[in-house]
Amino acid sequence: MTLVGTWLSAAKDLDKLERELLIAHILGITRTQLLIREDQELTETQIRSLETSAALLRRGMPFAYVIGSQEFWSMEFKVTPDVLIPRPETELLVELACAQAPTDADVLDLGTGSGAIAISIADERPDLNLTATDKSKAALAIAEFNNIRHNTKVRFLHSDWFSDLKGTTYDIIVCNPPYIADRDPHLSELAWEPTAALVSGDGLDDIRKIVAQARKHLLPQGKVFIEHGYDQAKQVQFLLQTAGFQSVQSHADLAGILRVTSAQRIDS
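Attention here is on the structure that accompanies the text. (Residues numbered from 1 in each chain as written. Predicted model: local features only at pLDDT ≥ 70, side-chain atom pairs only at ≥ 80, totals over all residues. Heavy atoms only, no water.)

Time to look at the sheet that holds strand 8 (residues 246-252). Either a parallel or an antiparallel arrangement is found when strands of a sheet pair, and the pairing is made through backbone hydrogen bonds. Taken together, the 7 strands give an open sheet; going across it, the order is 5-4-3-6-7-9-8, and neighbouring strands pair in mixed fashion. In this open sheet, the two strands that pair with only one neighbour each are strand 5 (154-158) and strand 8. For this sheet the average axis-to-axis angle between neighbouring strands, irrespective of direction, equals 20°. Sheet topology note: the strand 3 (residues 106-110)/strand 4 (residues 129-134) ladder contains 4 bridges and is parallel. Bridging across to strand 4, Val 107 finds its partner in Leu 130. Running over the sheet, helix 8 (residues 205-214) touches strand 3, strand 6 (170-175) and strand 7 (218-227) and is turned about 170° from strand 7. (Pairing = 2+ DSSP bridges. Helix = DSSP H or I, 4+ residues; strand = E, 2+ residues; numbered from the N terminus. Axes fitted to C-alpha atoms, helices over the stretch in contact; angles between N-to-C directions. Contact = heavy atoms within 4.5 Å.)

What follows is the structure in structure tokens.
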């Protein structure tokens, strides 16, 4: 017989928060409810699930992949190693797009991954018309699942950035592209996540491609919002200014880091 409390004590090599969240997830209860469930007996099925999940955590798999979900914008999203785990700092893209999109605007989310950005915008602003793209069909399948799960109306397309969007224009373009340099020493900490969604040459290769094409896919007065690395704001500003964009500015996340740079198409 294995009790909840017994298992928690035996798994002390795991991070305390993660082991508590893990067992709460498998039991289908909240972490707070664990306080009154420590004498509950675990079933054989629950024990097998716990041991399998604990083994993955010990191998270094991120907790979100182990349980198959991640919270973003107060919503739960299915995630697998086919998509990046949504980060809190990326919520800034949602905040900016929702605040600045005109009523009934057409919004494009490039490289949608799990669909977290597009779905969060659609949930917050149901008046907007959302289109989201990704070059990974596996990622699009997950995004479609999340779209159905949250009953949002996002149109998903298979496209490598703008490659299959010829002739389309939007009021708002948002993007969280790969922006880590291929020799960045921190990549080892992200080994479980899809390299193609993280790495971009010197860190700016994909941003250069997006900036070079974004203008022709924006309506007059349209805006683009690009997430980037903690030290890339000045470089992204320069790329946007050189491409003929106006009103270029960078926006800080909750940690005070310039995380998103925006610009507007203003034709003379």
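Now that the structure has been shown, the text picks up again.
This part covers the side chain of Arg 125. With respect to the secondary-structure elements, Arg 125 resides in the loop between helix 6 (116-124) and strand 4. A distance of 3.1 Å separates a polar side-chain atom of Arg 125 from the backbone oxygen of Ala 101. A distance of 2.8 Å separates the side chain of Arg 125 from the side chain of Asp 127, its partner in a polar contact. Setting aside its immediate chain neighbours within four residues, Arg 125 contacts Cys 98, Ala 101, Pro 102 and Thr 103. (Polar contact = N/O pair within 3.5 Å; in protein donor to acceptor, adjacent residues only side chain to side chain.)

Let us now look at the layout of surface pockets. The space that makes up the largest pocket amounts to roughly 1,100 Å³. In this structure, the largest pocket is lined by 47 residues; those nearest its centre are Leu 84, Pro 177, Pro 178, Ala 197 and Leu 198. Mapped onto the lining of the largest pocket, the elements with two or more residues apiece are helix 6 and helix 8. Classifying every residue of the lining of the largest pocket gives 19 nonpolar, 14 polar and 14 charged. (1 Å grid on protein atoms, 1.4 Å probe; cavity = no way out; pocket = protein on both sides within 12 Å on 5 of 7 lines; lining within 4 Å. Points joined across faces, edges and corners; volume = space filled by probe spheres on them. Nonpolar A, V, L, I, M, F, W, Y, C, P; charged D, E, K, R; others polar.)

Further remarks concern the packing of aromatic side chains. Tallying each qualifying case throughout the model produces 1 aromatic pair. Ring centres of Phe 72 and Phe 77 lie 6.3 Å apart, and the angle between their planes is 70°; on these two criteria the pair is classed as edge-to-face. Of the two residues, Phe 72 and Phe 77, neither departs from the other in class, the shared state being buried. (Phe/Tyr/Trp six-rings, centres within 6.5 Å; stacked < 30°, edge-to-face > 60°. Buried < 20%, exposed > 50% of the residue type's maximum accessible area, 1.4 Å probe, protein only.)

Looking now at the pattern of salt bridges. As enumerated under the stated definition, the model contains 10 salt bridges in all. Residues Arg 58 and Asp 13 are paired through a salt bridge, measuring 2.6 Å at the closest nitrogen-oxygen approach. Here Arg 58 is found in helix 3 (residues 44-58), whereas its partner Asp 13 is found in the loop between helix 1 (4-10) and helix 2 (16-27), with 45 residues between them in sequence. Asp 13 gets classed as exposed once you look at its relative accessible area, which sits at 53%. (Salt bridge = Lys/Arg side-chain N within 4 Å of Asp/Glu carboxyl O.)

Each regular strand displays side chains that alternate between the two surfaces of the sheet. Counted residue by residue, strand 4 has 5 buried out of 6 residues, so it is predominantly covered. A crossover connection joins strand 3 to the parallel strand 4 through helix 6; in handedness this β-α-β unit is right-handed. This β-α-β element, strand 4 to helix 7 (residues 137-149) to strand 5, shows right-handed connectivity. (Right-handed = clockwise from strand over helix to strand, strands pointing away.)

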